[in-house]
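Okay, here's what each chain looks like letter by letter:
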Amino acid sequence: MSYCPECEAAIDEEFEDLGEIVSCPECGVELEVISIDPVEFDLAPIDDEDSEDEDWDEDEESHDEEYDKEDDY
Ligand SMILES: [Zn+2]
């Protein structure tokens, strides 16, 4: 039995791979398995990477709009 570091809910699952990502059934936070025996979790750093990708897409779209305006002239 291990516990969510965010809300301390009991997570009664077994894991085999370090670095496996699971969602807490109580608070939904993404957890990374950092230890197998005993199982321990750390907060997964995935949200930061996702937001960086979104920023990239927004920049690309704004560039496309500028090129379209130039074509009209
Ligand atoms: Zn939790």
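Everything here concerns the structure above.
About the cut-offs
All residue numbers refer to positions counted from 1 along the written sequence of the respective chain. Thresholds applied to this predicted model are a pLDDT of at least 70 for local features of residues and 80 or more for the giving and counting of side-chain atom pairs; totals over whole chains, interfaces and linings are not thresholded and use all residues. Side-chain numbers come from the whole structure's heavy atoms, not from hydrogens or water. The helix and strand labels rest on DSSP assignments: H or I over at least four residues marks a helix, E over at least two residues marks a strand, and numbering proceeds from the N terminus. Only protein chains enter the accessibility calculation, which uses a 1.4 Å probe; a residue whose area is less than 20% of its type maximum is buried, one above 50% is exposed, and one in between is partly exposed. A contact between two residues is defined here by any heavy atoms of the two lying within 4.5 Å. With residues, only the protein chains shown are counted as cover, and all accessible areas are computed by Shrake-Rupley using a 1.4 Å probe. Note on terminology: a nonpolar core comprises buried Ala, Val, Leu, Ile, Met, Phe, Trp, Tyr and Cys residues joined through side-chain atoms within 4.5 Å. At least two DSSP bridges between two strands are needed for those strands to be called paired. Under this scheme, a helix contributes an axis fitted over its contacting stretch, all axes are lines through C-alpha atoms, and angles between N-to-C directions fall in the 0 to 180 degree range. As a rule, N, O and S atoms within 2.8 Å of a metal are its donors, except that Na, K and Ca use 3.2 Å; water is not among the atoms, so sites may look incomplete. Any coordination sphere not matching a tetrahedral pattern (four donors, all angles between 85 and 135 degrees) or a square planar or octahedral pattern (four or six donors, opposite donors over 155 degrees apart, other angles between 65 and 115) is reported as irregular.

Enquirer: So what's going on with the overall build of the protein chain? Which residues, and what values?
Expert: Assigned secondary structure in the protein chain consists of one helix and five strands. Counted from the first residue to the last, the protein chain has its helices and strands arranged as β-β-β-β-β-α. Taken over 73 residues, the protein chain has a buried fraction of 18%. Within the protein chain, residue pairs in contact and separated by at least 24 positions form 18% of the contacts whose partners lie at least 6 positions apart. If you sum the accessible surface of the protein chain, you get close to 6,100 Å²; carbon and sulfur atoms cover 40% of it.

Enquirer: Would you mind going over the nonpolar core in detail, with residue names and values included?
Expert: Counting 10 residues, the largest nonpolar core is built from Cys4, Ala9, Ile11, Phe15, Val22, Cys24, Leu31, Val33, Val39 and Phe41. Elements that contribute at least two residues to this core include exactly strand 4 (30-36) and strand 5 (39-43). Contact partners of Cys24, with chain neighbours within four places excluded, come to Cys4, Cys7, Ala9, Ile11, Val29 and Leu31.

Enquirer: Account for the pairing of strand 4, with residues named and values stated.
Expert: The side chains of a regular strand alternate between both faces of the sheet. Pairing of strand 3 (residues 21-23) with strand 4, which is carried by three bridges, proceeds in the antiparallel orientation. Bridging from a neighbouring strand, Val22 pairs with Leu31 of strand 4. Joining the antiparallel neighbours strand 3 and strand 4 is a turn of six residues, in which Gly28 adopts a positive phi near 80 degrees. The hairpin turn running from strand 4 into strand 5, its antiparallel successor, is two residues long.

Enquirer: An account of the sheet that holds strand 3 is needed here, citing residue identities and associated values.
Expert: As summarised here, the arrangement of the three strands in space is 3-4-5, forming an open sheet in which the pairing is antiparallel. This sheet does not close on itself; its edge strands, each paired only once, are strand 3 and strand 5. Strand-to-strand twist across the sheet, computed as the mean angle between neighbouring axes with direction ignored, equals 45 degrees.

Enquirer: Pulling in residues and values, what's your account of the pairing of strand 5?
Expert: The sheet contact formed by strand 4 and strand 5 spans five bridges and is antiparallel. Residue Val33 lies in a different strand from strand 5, and its bridge partner there is Phe41.

Enquirer: Which residues make up the coordination of the zinc ion, and what are the values?
Expert: Taken together, Cys4 (SG), Cys7 (SG), Cys24 (SG) and Cys27 (SG) make up the full set of protein donors to the zinc ion, lying 2.3 Å away. Angles of 106 to 114 degrees at the metal separate the four donor atoms of the zinc ion, which places the site in the tetrahedral class. Along the chain, the residues that donate to the zinc ion are spaced as C-x2-C-x16-C-x2-C. Taken together, the positions of Cys7 in the loop between strand 1 (2-3) and strand 2 (10-11) and Cys24 in the loop between strand 3 and strand 4 put the pair 17 residues apart, joining distant regions of the chain.

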